[in-house]
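Each chain, written out:
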Amino acid sequence: MDISLGLDELAEATTEHALLEVLHAIRTHLGMEVAFISELENERRIFRFVDEEAGAPHLEVGASDPVEESYCQRVVDGRLPEVIQDARQEPAALDLAATREIPIGAHLSVPIRLQDGSVYGTLCCFDRQSNATLNERDLAMMRVFADFVARQLERQRKRKQRQKGAEARIRDVLDQRRFHIVYQPMHDLVDQRIAGYEALSRFVAEPIRGPDKWFEEAATVGLRVELELAAIELALEALPEIPDSAYLSLNASPVTILSGRLAHLFAPYPLDRLMLEVTEHDVIDDYAGLFEALVAMRKQGLRLAIDDAGAGYASFRHILRLAPDVIKLDRSLTHGIDHRPDSRALAAALVGFTAETGSRLLAEGVETQAELQALREIGVRKAQGYLLGRPGPLPG
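Definitions and cut-offs
- Residues numbered from 1 in each chain as written.
- Predicted model: local features only at pLDDT ≥ 70, side-chain atom pairs only at ≥ 80, totals over all residues.
- Heavy atoms only, no water.
- Core = buried A, V, L, I, M, F, W, Y, C linked by side-chain atoms within 4.5 Å.
- Buried < 20%, exposed > 50% of the residue type's maximum accessible area, 1.4 Å probe, protein only.
- Helix = DSSP H or I, 4+ residues; strand = E, 2+ residues; numbered from the N terminus.
- Contact = heavy atoms within 4.5 Å.
- Salt bridge = Lys/Arg side-chain N within 4 Å of Asp/Glu carboxyl O.
- Lys, Arg positive; Asp, Glu negative; His and termini not counted.
- Patch = residues over 30% accessible without salt bridge, like charges linked within 9 Å, V, L, I, M, F, W, Y side chains within 5 Å.
- Areas by Shrake-Rupley, 256 points an atom, 1.4 Å probe, with all protein chains shown as cover.
- Charge placed at Lys NZ, Arg CZ, Asp CG, Glu CD.
- Expected span 1.5 Å × (residues − 1).
- Bend = angle between axes of the 7 residues up to and from the residue.
- Pairing = 2+ DSSP bridges.
- Axes fitted to C-alpha atoms, helices over the stretch in contact; angles between N-to-C directions.
- Phe/Tyr/Trp six-rings, centres within 6.5 Å; stacked < 30°, edge-to-face > 60°.
- pLDDT = per-residue confidence, 0-100.

Quick notes on the nonpolar core
The biggest cluster of nonpolar side chains holds 69 residues, and the ones touching the most others in it are Tyr183, Leu248, Leu250, Leu262, Phe266, Leu274 and Leu276. Residue contributions to this core peak at nine residues, all from helix α7 (residues 224-236). Non-local contacts of Tyr183, meaning those with residues more than four positions away in its chain, are made with Tyr197, Glu198, Ala199, Leu234, Ala235, Ala238, Leu248, Arg390, Pro391, Gly392 and Leu394. Counting residues in hydrophobic clusters, the runner-up holds 25 residues, among them Leu23, Phe49, Ile112 and Ala146.

Set out below in structure tokens:
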């Protein structure tokens, strides 16, 4: 499951839920049939949020009408009072079609003002019957709720602006290819050779930050698959430069694998020269679908690796459900393994696990000779890290 979109979606859902609760509270407290939040934009009054009593006049969310024909605009500019006990007794309301056609009896409306002083729209409620009990106390309550609504809408607007900016950044990176690929060698410690190269993305766009942050942001705007596929496509171009004795390792999240687009991308290349690393740390809901998406390619020689083993529960679950060919020991366990008995014990247990299952263990993040020696002693056959080779251009 790709939950990268979750935070923004949750915030958006929370905002909408809060605004609908406000409308329902106002409507039921005042005994009105309809309560709504409108936006005044481009000479139109647009219904953004609506709460209605069963059988009440229906307002369609997203529907709009000319702003000049609305109560909302006339309340904002002072041509109509904010509290109307009976619109049919209000001369300034009688020339509005809604007064006659709905018809409107009681009506309350207050402007929703944003922090910069601009008017977003109005918070309104109405009933077809008149209501002689409406007073300044009800109006004061409406203003309090309108301030709350304004704050919620302000946050929502800022989230949308952030989303728009993020999408523009990711599309620019994709359109202008503002990234390149570096390759880090993965060493076979027994045969003393390079077993493969991991392709890693490096971005040359603003803001300057790590590749993980770029892929995370791409996920928030629904472009993670596009960005991962673009990186994989660029990395594959270097396969002919890699010796036949080595493979190319590529990173992909479950959502990209489940998209079904990797098979087409891999089609021109020998799959027995490729390894796919599952990078997602989150819980995967559709293990069966993920496994099935890889079956045909694995039969043709594609290796499957699970990244960051030991970094959390999710990676172990991936190992058990996906039966990978390679398990990559997380750098948090590799670091200081020469003097950390707990890390050594877990790595040794994984060596035993791989021996039983026919997979291989590859240690990431090896930076010292002492770490490398400790890994050799417990039976780790493959490793990568700054000690063995930094990410960079392919040799030669």
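Observations concerning the pattern of salt bridges
Any two side chains of opposite charge can pair, so long as their charged atoms come close to each other. Tallying each qualifying case throughout the model produces 25 salt bridges. A salt bridge links Asp77 to Arg79; the shortest N-O distance between them is 2.8 Å. For Asp77, a relative accessible area of 38% gives the class partly exposed. Accessibility expressed as a relative area gives 39% for Arg79, which makes it partly exposed. For Arg224, the salt bridge goes to Glu228, with nearest N and O atoms at 3.0 Å. Here Arg224 pairs with Glu228, and both are found in helix α7, just four residues apart, close to one helical turn. Judged by its relative accessible area of 5%, Glu228 is buried. Several salt bridges converge on common partners, so that one network encompasses Glu68, Arg74, Asp77, Arg79 and Asp95.

Some words on the side chain of Lys382
Looking at where Lys382 falls in the secondary structure, it is placed in strand β14 (residues 382-383). Buried within the structure, Lys382 lacks any salt-bridge partner; its nearest side chain of opposite charge belongs to Asp188, at an N-O separation of 5.1 Å. Leave out the neighbours within four places in its chain, and Lys382 touches His187, Asp188, Leu189, Ala195, Tyr247, Leu361, Leu362 and Ala363.

Some points on a positive patch on the surface
On the surface, a cluster of positive charge is made up of Arg151, Arg155, Lys158 and Arg162. Of note, Arg151 is situated in helix α5 (residues 136-176).

Details of helix α10 (residues 287-299)
Between its first and last C-alpha, α10 extends 18 Å over 13 residues, near the 18 Å set by a 1.5 Å rise per residue. Where α10 bends most, at Ala293, the angle is about 25°. All of the buried residues along α10 are Tyr287, Gly289, Leu290, Leu294 and Met297. Backbone geometry just after α10 places Gly301 at a positive phi near 110°.

Side note on the sheet that holds strand β8 (residues 193-203)
Paired through their backbone hydrogen bonds, the strands of a sheet run either parallel or antiparallel. Read around the closed barrel, eight strands run β7-β8-β9-β10-β11-β12-β13-β14, paired in mixed fashion. Sheet topology places strand β13 (residues 360-363) next to β14; two bridges connect them, and they run parallel. Residue Leu362 lies in a different strand from β14, and its bridge partner there is Lys382. Docked against the sheet, α7 engages β7 (179-188), β8, β9 (247-252) and β10 (274-278), running at close to 65° with respect to β7.

Here's the deal with the sheet that holds strand β3 (residues 64-66)
The antiparallel open sheet is built from six strands, whose spatial order is β3-β2-β1-β6-β5-β4. The sheet is open, and its two borders are formed by β3 and β4 (83-84), each paired with just one other strand. Its contacts with the sheet place α5 against β1 (34-41), β2 (44-52), β4, β5 (106-113) and β6 (119-127), and it is angled at close to 40° to β5.

Remarks on the packing of aromatic side chains
By the definition in use, this model includes five aromatic pairs. Ring geometry for Phe36 versus Phe126: centroids 6.5 Å apart, planes at 70°, classification edge-to-face. Placement of Phe36 in strand β1 and of Phe126 in strand β6 is noted, with a sequence separation of 90 residues between them. Residue class for Phe36 comes out buried when judged on its relative accessible area of 3%.

Here's the deal with the confidence of the model for the chain
For the chain, per-residue confidence averages 92 on the pLDDT scale, and residues scoring 70 or more make up 95% of the total. Low confidence marks residues 1-5, where pLDDT is under 50. Its contacts with residues over four positions away, or in another chain, come to 17 contacts.

Quick notes on the pairing of β8
Taking burial as the measure, the 11 residues of β8 include eight buried ones, the bulk of the element. Between the end of β7 and the start of β8, which pair antiparallel, lie four residues, with Gln192 showing a positive phi angle near 55°. Bridge analysis of β8 against β9 gives three bridges, and the strand direction is parallel. Among the inter-strand pairings, Gly196 is bridged to a residue of β9, identified as Tyr247.

Considerations on the environment of Ala166
Mapped onto the elements, Ala166 comes out in helix α5. Given the relative accessible area of 3%, Ala166 is considered buried. For Ala166 and Leu294, which are 128 residues apart along the polypeptide, the C-alpha to C-alpha distance reads 31 Å. Sequence-distant contacts of Ala166, defined by excluding residues within four places in its chain, comprise Glu217 and Val221.

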